[in-house]
Amino acid sequence: MQGRVLQDFLVNYQAYIALGLMALTFIGFLFEKLPPEVTAAIGAAAFVLFGYVSPAQTFSVFSNPAPLTIAAMFVLTGAMVRTGVLERVVGIILDFAGDNAARAVICLVAGIMLLGGFINNTPLVLILIPIGVRIAHKFGFAPTRLLIPISYFTILAGTLTLIGTSTNLLVDGVAREHGMEPFSIFEITPVGMVTAISGLLLLGLFGRFLLPDRKEEGGDLDGENAQFLSEITIIEEGDFTQTKIGEIAALKLPNLKVRAVNQSGTITRKDIRSIELKRGDRLAISATASELLTLHDIEGIRIGTGAIQPREKTELAMVEAVVGPNQSIQGRRIDQLAISSQFGVRVLGVNRHNHIAGQDLRSAKLRAADRLLIEGPAAGVDALSQRGVLVSVTRTSGRAYRQSKAPITLAALAGVVALAAFGVMDIGILAMLAVVAILALRCIDSEEAWGAIDGGILVLIFAMLIVGLGLQNAGSVDLIVSAIAPHLTGLSPLLLLVTIYMMTSALTELITNNAVAVVMTPIVIALSVELGVDPRPLVVAVMFAASASFATPIGYQTNTLVYGAANYRFTDFVKVGIPMNVVVGLATCAAIYFFYGMTG
């Protein structure tokens, strides 16, 4: 009897239960206890277990063209990096800028707009962060004045074409499944141009009043005196033992600072100079990369974490690499990564751009855009890079850019854009054919190609597609529409657009943009049917609002990257981001209103 009551409850209230499952998933996104893709996968599993999505429907989700297109574009972007195209284009722009600060910034913005509409913006921002810091230092202003605009400009550039951001492709894929005509690659470009111009004007006119100006906190991303947090372990008796720390000649380097001493678990942070060391003691230090490499050659000590590696330099590579936006490692301590046992490499130091990353190296929690000094075999370093843990790897030995293949990569991307624009073939098929071409012509190795794909994003997308389907099947979409439709009835088309845009934008600031896109698109389509209006402009509003995230550092990956790179505060994004959200949102809605003929 109780089982029958429970079954009836699950059936009669399934729309509300499904909404509860979605709310719990969104709460999981908000508190970030787990990586977003894991939270989304748990939510999708719940919808399947509750029976709101059948096994057959679950498998059908994987036929959606959007994730495959996104994966192909990741590979094409990876080939742009591998062949040195991005660095070359940025270098040409900066060479043209010369010694004029205004021209340098204008050229940087122009380069972002040129590239951002056609490639994934995450690697673009990772390449531009050190460029932006270098420009700031060269012309004497704080990096905090430039890195937030770099992130915002890449977001704005992504709205210029359908392939500019994964969110655009995802909304298009979901809309197709609900019977809408596919978006062409340049259909949203007129709206995107208005969006970009409005954002550029706001930052150009009011950025000096809204952006923080903290030179002392702007990161020295690539300067010679950038401080790495590291540690010294005494492994043998010698010059470092039976001598007071203040008298050890090797530690008398200009930028080296001993921050703490760990002796058998007892940590001392004061009066360090008078301590005598013995075998097994560890020193927490901060020093420049050059100083760490100088210490690295001294016998009897070990620099960094991990097992002792062979000293034959021909077998090892010394590299600097940036921590990518890989959710599986962000927030984890360095001693939890187990990269020594898995890849045979060890971390010599971590730099957080003129900000010490923690009390000691082992307990330092990684952030996106942290810079690591790593030692290990080339194969181990490559494996870390291919898994998306490290990006922008700079090494003294290893594979160079395949610059001779750059024209092929550019031709492949141009072919995708041109043929899609003329409707020769579906953009997803074109992108996959381009991937085959660049692999066959050795523009990028297969391991590097698959490593360029952000698996976390794809898992999140597939999982949220299942959640979206479950909401549809359970009647939750109809429930939401019936609840909000009466409040929207009678609104002018422009006010309706603004309402949809602001709802989507608010959600995007709190949770991941792709999740918002998947959930909001079917709701807006159903709402348009209920209100008797054309769904296309409303879907475009969702597309733009889910991409244009400015007010928090967590709404979009590029914001997260610069958040760590310049040691911004959360309120810095709020101060400049809220005006950006309002101005860009209103301009975008006005552009959609006129471009899609909602005036009459």
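Residues numbered from 1 in each chain as written. Predicted model: local features only at pLDDT ≥ 70, side-chain atom pairs only at ≥ 80, totals over all residues. Heavy atoms only, no water.

Applicable threshold: UniProt positions are given in the numbering used here, feature names are shortened, and annotations may be inferred rather than shown by experiment.
The name given to the protein chain in an unreviewed UniProt entry is SLC13 family permease, with the source organism recorded as Aureimonas fodinaquatilis. The record held by UniProt for the protein chain lists under Sequence similarities (unreviewed entry) the comment "Belongs to the CitM (TC 2.A.11) transporter family." Looking at the Subcellular location (unreviewed entry) heading of the UniProt record, one finds this comment for the protein chain: "Cell membrane".

### Comments concerning helix α24 (residues 570–595)
We count it as follows: Note on conventions: DSSP H or I runs of at least 4 residues are helices, E runs of at least 2 residues are strands, and numbering of each starts at the N terminus. Multiply 1.5 Å by the residue count of a helix minus one, and that product is the helix's expected span. Two axes enter the bend calculation: one fitted to the seven residues ending at the residue in question, the other to the seven starting there, and the bend is the angle between them.
In this model α24 runs 36 Å from its N-terminal to its C-terminal C-alpha over 26 residues, within 8% of the 38 Å that 1.5 Å per residue would give. Considering bend angle alone, the principal kink of α24 is centred on G577 and spans about 35°; proline P579 follows within four residues of it. Of the residues trailing α24, G597 is marked for its positive phi of about 65°.

### Quick word on the confidence of the model for the protein chain
Our working rule: pLDDT expresses how confident the predictor is about each individual residue, on a scale running from 0 to 100. By the convention used here, residues are in contact when the closest approach between their heavy atoms is within 4.5 Å.
Scored by pLDDT, the protein chain comes out at a mean of 81, with 86% of its residues at no less than 70. Within the model, the stretch residues 308–314 combines pLDDT values under 50 with 14 contacts to residues more than four positions away or in other chains. The low-confidence segment residues 395–400, where pLDDT is below 50, has 14 contacts with residues more than four positions distant or belonging to other chains.

### What about the pairing of strand β6 (residues 317–323)?
What counts is decided by this rule: Here the term buried applies to any residue with accessible area under 20% of the maximum for its type, exposed to any over 50%, and partly exposed to those in between, with areas from a 1.4 Å probe on protein chains only. Note on pairing: DSSP must find at least two bridges between two strands before they are called paired.
In terms of residue burial, β6 counts as a mostly covered element, since 6 of its 7 residues are buried. Note: β6 against strand β8 (residues 371–376), 6 bridges, orientation antiparallel. When the bridges of β8 are listed, E320 appears paired with L373.

### Regarding the side chain of N64
Put simply, the rule is: Polar contacts, as counted here, are pairs of nitrogen or oxygen atoms within 3.5 Å of one another; within protein the pair requires one atom able to donate a hydrogen and one able to accept it, and residues that are adjacent in sequence qualify only if both atoms are side-chain atoms.
Looking at the element boundaries, N64 is found in the loop between α4 (55–60) and α5 (65–82). Among the polar contacts listed, one links the side chain of N64 to the side chain of E177, at a separation of 3.0 Å. With residues up to four places along the chain from it excluded, the contact list for N64 reads G173, V174, E177 and L465.

### Let's talk about the packing of helix α9 (residues 147–158) against helix α11 (residues 189–210)
Defined as follows: The convention used is that axes are lines fitted to C-alpha atoms, helices contributing only their stretch in contact, and that angles between N-to-C directions extend from 0 to 180 degrees. Note on angle classes: values under 35 degrees are labelled roughly parallel, values over 145 roughly antiparallel, values of 65 to 115 roughly perpendicular, and the remainder oblique. A clockwise turn of the near helix away from the far one marks a right-handed crossing, whereas an anticlockwise turn of less than a right angle marks a left-handed crossing. For this classification, Asp, Glu, Lys and Arg are treated as charged, while Ala, Val, Leu, Ile, Met, Phe, Trp, Tyr, Cys and Pro are nonpolar and the rest, including Gly, are polar.
Where α9 meets α11, the axes come as close as 9 Å, and the angle between the chain directions of the two elements is 165°. Relative to α11, α9 is oriented roughly antiparallel. Crossing of α9 over α11 shows left-handed handedness. Contact with α9, carried on its side by P149, Y152, F153 and L156, involves T195, A196, G199, L200 and L203 of α11 and no other residues of that element. A per-class count over the contact of α9 with α11 returns 7 nonpolar, 2 polar and no charged.

### Comments concerning the pattern of salt bridges
Side chains bearing opposite charge may pair, as long as their charged atoms lie close to each other. We count it as follows: The salt bridge criterion pairs a side-chain nitrogen of Lys or Arg with a carboxyl oxygen of Asp or Glu, the two atoms within 4 Å.
Overall, the coordinates contain 9 salt bridges when judged by the stated rule. The partner of K278 in a salt bridge is D281, and the shortest N-O contact between them spans 3.7 Å. Here K278 falls in the partly exposed class, since its relative accessible area comes to 38%. Notably, a salt bridge pairs R442 with D445, separated by 3.1 Å at the nearest N-O pair. Residue classification places R442 among the partly exposed positions, given a relative accessible area of 47%. One salt-bridge network, in which partners are shared between bridges, spans D172, R176 and D426.

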